[in-house]
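Remarks on the overall topology
Here are the chains, one letter per residue:
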Amino acid sequence: MTINPNEIVTVELDCAGWYEPYAIDITRMQLGEILLKLDDMAASTDEQATPDHAQKWPSPDVAYAAAPSISSESDWATRTANEWADEGLDREWYLRHAAVLDRVALGDVPAPGFAADEADAAAVMLLDLDQASRDYDPRAYVRQQYALWLDQQDISPAPSHS
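Parameters and conventions
Residues numbered from 1 in each chain as written. Predicted model: local features only at pLDDT ≥ 70, side-chain atom pairs only at ≥ 80, totals over all residues. Heavy atoms only, no water. Helix = DSSP H or I, 4+ residues; strand = E, 2+ residues; numbered from the N terminus. Expected span 1.5 Å × (residues − 1). Buried < 20%, exposed > 50% of the residue type's maximum accessible area, 1.4 Å probe, protein only. Arc of directions from axis to C-beta. Contact = heavy atoms within 4.5 Å. Polar contact = N/O pair within 3.5 Å; in protein donor to acceptor, adjacent residues only side chain to side chain. Core = buried A, V, L, I, M, F, W, Y, C linked by side-chain atoms within 4.5 Å. Axes fitted to C-alpha atoms, helices over the stretch in contact; angles between N-to-C directions. Parallel < 35°, antiparallel > 145°, perpendicular 65-115°, else oblique. Left-handed = near helix turned anticlockwise from the far one by under 90°. Nonpolar A, V, L, I, M, F, W, Y, C, P; charged D, E, K, R; others polar. Salt bridge = Lys/Arg side-chain N within 4 Å of Asp/Glu carboxyl O. Phe/Tyr/Trp six-rings, centres within 6.5 Å; stacked < 30°, edge-to-face > 60°. Lys NZ or Arg CZ within 6 Å of the ring centre and 35° of its normal.

1. Focus on helix α5 (residues 115-130)
For α5, built from 16 residues, the straight-helix expectation of 22 Å at 1.5 Å per residue is met to within 8% by its first-to-last C-alpha distance of 23 Å. For α5, the full list of buried residues reads Ala115, Ala119, Ala122, Ala123, Leu126 and Leu127. Considered in projection along α5, the buried side chains sweep an arc of 145 degrees and stay on one side of the axis. Check the buried side of α5 and you find it contacts α4 (91-106) and α6 (138-151).

2. Side note on the environment of Arg134
Tracing the backbone shows Arg134 in the loop between α5 and α6. Residue Arg134 is classed as exposed on the basis of its relative accessible area, which comes to 54%. When the C-alpha positions of Arg134 and Val124 are compared, they lie 8.0 Å apart, and in sequence the two are 10 residues distant. Polar side-chain contacts of Arg134 include one of 2.8 Å to the side chain of Asp128.

3. As for the nonpolar core
Ranked by internal contacts, the top residues of the largest apolar core, which has 21 residues, are Tyr64, Tyr141, Val142 and Tyr146. Of all elements in the fold, only α4, α5 and α6 reach the threshold of two or more residues within this core. Residues in contact with Tyr146, not counting those within four places in the same chain, are Ala63, Tyr64, Ala67, Pro68, Glu73, Leu95, Arg96 and Ala99.

4. As for α6
With 14 residues, α6 extends 20 Å between its outermost C-alpha atoms, agreeing within 8% with the 20 Å of an ideal straight helix rising 1.5 Å per residue. Burial analysis of α6 places 11 of its 14 residues in the buried class, which makes it a mostly covered element. Of the surrounding elements, those touching the buried residues of α6 are α2 (60-63), α3 (70-83), α4 and α5. Of the residues flanking the start of α6, the one acting as N-cap is Asp137, its side-chain oxygen 3.1 Å from the backbone nitrogen of Arg139.

5. Regarding the packing of α4 against α6
When two helices pack together, their arrangement is given by the angle between their axes and by how far apart the axes lie. For the pair α4 and α6, the least separation of the axes is 9 Å and the interaxial angle reads 120 degrees. Between α4 and α6, the angle falls in the class oblique. Crossing handedness for the pair α4 and α6: left-handed. Here Arg91, Glu92, Leu95, Arg96, Ala98, Ala99, Asp102, Ala105 and Leu106 of α4 come into contact with α6, specifically with Arg139, Tyr141, Val142, Arg143, Gln145, Tyr146 and Trp149. Split into classes, the residues belonging to the contact of α4 with α6 amount to nine nonpolar, one polar and six charged.

6. Details of the pattern of salt bridges
Taken as a whole and assessed by the stated rule, the structure comprises eight salt bridges. Members of the salt-bridge network, linked through shared partners, are Asp102, Asp120, Arg139 and Arg143.

7. Comments concerning the packing of aromatic side chains
Going through the model one piece at a time under the given rule, you end up with six aromatic pairs. Taking 5.1 Å as the distance between ring centres and 90 degrees as the angle between the ring planes, the aromatic pair formed by Trp93 and Tyr94 counts as edge-to-face. Judged by its relative accessible area of 10%, Trp93 falls in the buried class. For Tyr94, a relative accessible area of 23% gives the class partly exposed. Here Tyr146 and Trp149 contribute two aromatic rings whose centre-to-centre distance is 5.5 Å and whose plane-to-plane angle is 40 degrees, an arrangement assigned as tilted. On the criterion of helical spacing, the pair formed by Tyr146 and Trp149 is a turn pair, its members being three residues apart in helix α6. Here Trp149 falls in the buried class, since its relative accessible area comes to 11%. Taken together, the ring pairs in this structure connect Trp57, Tyr136 and Tyr141 into an aromatic cluster. A cation over a ring is seen here: Arg96 above Trp76, with NZ or CZ 3.7 Å from the ring centre.

Just distances and angles here, no functional claims.
And the structure:
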């Protein structure tokens, strides 16, 4: 089977947060050129990343300083998981869920012995969802992302009685 580089193909992009998919008709040759450019850009980004970057994470105290209580966040995660069961969960849910598990594993409240394992698994899930480097410390990544997310929210922290 030979492939005609001038054959027209339809490329459709649909990303989370977009109102509708974007579709374009291009030739196979153009598609190949775009894919090569994206591959080069990814390689260039990987080369520019420094190992030190992965070590500059906020401490749990800093990351969770303005966070709502653990019980409040846990209630939100449970309620949202039940409401969104048919539609699927979004990044915010995975982030907040991973942060709650991290806080529990850190010992803010009495936790079962497997809490750290659950926190690690949720953190890796967020890394994968974000397509972040597996070289990162997963729970530190959760703390960083949670702190960034929390900065963008209009959430008043509840009194800390977790």
